[in-house]
Amino acid sequence: MAGSNLGLGIDIGGSGIKGALVDLDAGVLASDRMRIETPRPATPAAVGDVVGHLVERFDWTGEVGLTLPAVITDGIARTAANIDPSWIGADVRSVLGRKVPGPVEVLNDADAAGLAEVRYGAARDATGVVLVLTFGTGIGSALFVGGRLVPNTELGHIEVGGADGEDVAAASVKERDQLSWEQWAGRVQQYLERLERFLWPDLIVVGGGVSKRADKWLPLVRHRTPVVAAQLQNAAGIVGAALAAAEDRGY
Ligand code: BGC
């Protein structure tokens, strides 16, 4: 049963916009997860209409946490991956805030997933430096030091063999290049090897849709750092967004 400490999280991605009520005590969804196809082009106005519709469907008037696949500083989008480039420079808080009755908090999608894993999931008991990676259309990263988020790390874009890391090892690359689990695990290994040259985290959490099937590929990847699969899976972004809104840290 849902506790009384509820929030609403909306995870805006390149292919779907997903929302649910969140039980913030337990870190679990407290309603069905609603998913609406991301409009094309995914402009601020078009995405705003979907967000407004979702919030209305939940009959929600409180604070809303939103994620975007973008660097977000002071509520402004500074990059735009897999959404329309017209987001760059947009004041996301006010653009999306116009569509909903309550206040909004916005943060990077991987940062949101990371917050959820650190608070409720695979990194709940971790200490020191924790890196949460999300493998999806791209690769997202969330870096924590002593439980505190270092916002907007973009470690999916480190260079691997002359290419952008996410073009080598994102989950979408497995589909695009029709790679077997073994072949794709090799790509993830190349990516992690590169990352481990620069960072010495105490724990890496691997998330994104592929974390559900971590048994297929994680044992095939050699790594120096302890690596575990994410636990919140496709709820992580929603839960983390609602958490960020409730804590109002202003990422
Ligand atoms: C973007 C990040 C985002 C990640 C996952 C990357 O391409 O640069 O901001 O977190 O994809 O969506």
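Thresholds, definitions, all that
Residues numbered from 1 in each chain as written. Predicted model: local features only at pLDDT ≥ 70, side-chain atom pairs only at ≥ 80, totals over all residues. Heavy atoms only, no water. Phe/Tyr/Trp six-rings, centres within 6.5 Å; stacked < 30°, edge-to-face > 60°. Helix = DSSP H or I, 4+ residues; strand = E, 2+ residues; numbered from the N terminus. Buried < 20%, exposed > 50% of the residue type's maximum accessible area, 1.4 Å probe, protein only. Pairing = 2+ DSSP bridges. Axes fitted to C-alpha atoms, helices over the stretch in contact; angles between N-to-C directions. Contact = heavy atoms within 4.5 Å. Near = heavy atom within 4 Å. Polar contact = N/O pair within 3.5 Å; in protein donor to acceptor, adjacent residues only side chain to side chain. Areas by Shrake-Rupley, 256 points an atom, 1.4 Å probe, with all protein chains shown as cover. Nonpolar A, V, L, I, M, F, W, Y, C, P; charged D, E, K, R; others polar. Domains from an automatic or database assignment. Buried area = accessible area lost by both parts, 1.4 Å probe. Salt bridge = Lys/Arg side-chain N within 4 Å of Asp/Glu carboxyl O.

J.: How should the packing of aromatic side chains be read in this particular structure?
T.: Note on aromatic pairs: each is described by the distance of the centres and the angle between the planes. Scanning the entire structure with this criterion turns up five aromatic pairs. Seen in terms of ring centroids, Phe135 and Trp184 are 5.9 Å apart; in terms of plane orientation they differ by 85°. Their pairing is edge-to-face. Note that Phe135 is positioned in strand 9 (residues 129-135) and Trp184 in helix 6 (residues 181-198), a separation of 49 residues in sequence. Residue classification places Phe135 among the buried positions, given a relative accessible area of 1%. By relative accessible area, Trp184 is classed as buried at 0%. Ring centres 4.9 Å apart and planes at 70° place the aromatic pair Trp184 and Trp217 in the edge-to-face group.

J.: Would you take a moment to explain the sheet that holds strand 9 for this structure?
T.: One key point about sheets: their strands pair by backbone hydrogen bonds, in either a parallel or an antiparallel sense. Ordered by their spatial adjacency, five strands build an open sheet running 11-10-9-14-15, and the pairing between neighbours is mixed. With partners counted over all chains shown, the strands left at the sheet margins are strand 11 (148-150) and strand 15 (227-229), one partner each. Between one strand axis and the next, the sheet turns by 30° as a mean value, whatever way the strands run. Pairing between strand 9 and strand 14 (residues 203-207): five bridges, direction parallel. When the sheet's bridge partners are listed, Val130 is paired in strand 14 with Leu203. Lying on the sheet, helix 3 (residues 109-120) is in contact with strand 9, strand 10 (139-145), strand 11 and strand 14; it crosses strand 10 at an angle near 50°. Along the sheet, helix 6 makes contact with strand 9, strand 10 and strand 14, crossing strand 9 at roughly 145°.

J.: Explanation requested: the site of the ligand in the structure shown.
T.: Around the ligand, the neighbouring residues are Pro69, Ala70, Ala81, Asn108, Asp109, Ala110, Ile139, Gly140, Glu154, His157 and Glu166. In this structure, Asn108 approaches the ligand through a side-chain N or O atom, which is 3.0 Å from an oxygen atom. Here an oxygen atom of the ligand sits 2.7 Å away from a polar atom, N or O, in the side chain of His157. Burial of the ligand by the protein amounts to 93% of the accessible area it has alone, namely 310 Å². For the shell around the ligand, the secondary-structure elements that each account for two or more residues are helix 3 and strand 10. Its residues assigned to classes, the shell around the ligand shows five nonpolar, three polar and three charged. In this structure, the shell around the ligand is formed jointly by two domains, domain 1 (6-111 + 235-246) and domain 2 (125-230), each of which donates at least three residues.

J.: It is not clear to me how unusual backbone geometry should be interpreted in this structure. Could you clarify?
T.: Outside of glycine, negative phi angles account for most residues, and trans bonds account for most peptide bonds. A cis amide bond, omega -5°, links Arg40 with the succeeding residue Pro41. Mapped onto the elements, Pro41 comes out in the loop between strand 4 (34-37) and helix 1 (44-57). A positive phi angle, near 50°, is found at Asp74, a position not held by glycine. In this structure, Asp74 sits in the loop between strand 6 (72-73) and strand 7 (76-77). Residue class for Asp74 comes out exposed when judged on its relative accessible area of 59%. Residue Gln178 is not a glycine yet carries a positive backbone phi of 50°. Looking at the secondary structure, you find Gln178 in the loop between helix 5 (171-176) and helix 6. Using a relative accessible area of 70% as the deciding quantity, one classes Gln178 as exposed.

J.: What is the right way to read the domain arrangement of the protein chain from this model?
T.: Buried accessible area, meaning the area lost when the parts come together, often serves as the stated size of an interface. Domain assignment breaks the protein chain into domain 1 (6-111 + 235-246) and domain 2 (125-230). Computed over C-alpha atoms, the centres of domain 1 and domain 2 are 24 Å apart. At the junction of the two partners, domain 1 supplies eight residues and domain 2 supplies eleven residues. Interface of domain 1 and domain 2: buried area, both sides summed, is about 710 Å²; carbon and sulfur atoms make up 47% of it. The largest share of the area that domain 1 buries against domain 2 comes from Val71, Ala110 and Asp111, three residues that together contribute 64% of it. Counting across the domain 1 and domain 2 interface gives zero salt bridges. Inspection of the region where domain 1 meets domain 2 yields two residue pairs in polar contact (both at pLDDT 80 or more). Elements with a minimum of two residues in the side of domain 1 that touches domain 2: strand 6 and helix 3. Among the residues forming the side of domain 1 that touches domain 2, the class breakdown is four nonpolar, three polar and one charged.

J.: Before we go on, may I ask you to explain the side chain of Ser141 in this structure?
T.: You can see Ser141 is positioned in strand 10. In this structure Ser141 comes out as buried when scored by relative accessible area, which is 1%. At 2.9 Å, the side chain of Ser141 and the side chain of Thr153 are in polar contact. Excluding residues that lie within four positions of it along the chain, Ser141 makes contacts with Asn108, Ala110, Asp111, Leu131, Val132, Leu133, Thr153, Glu154, Leu155 and Gly156.

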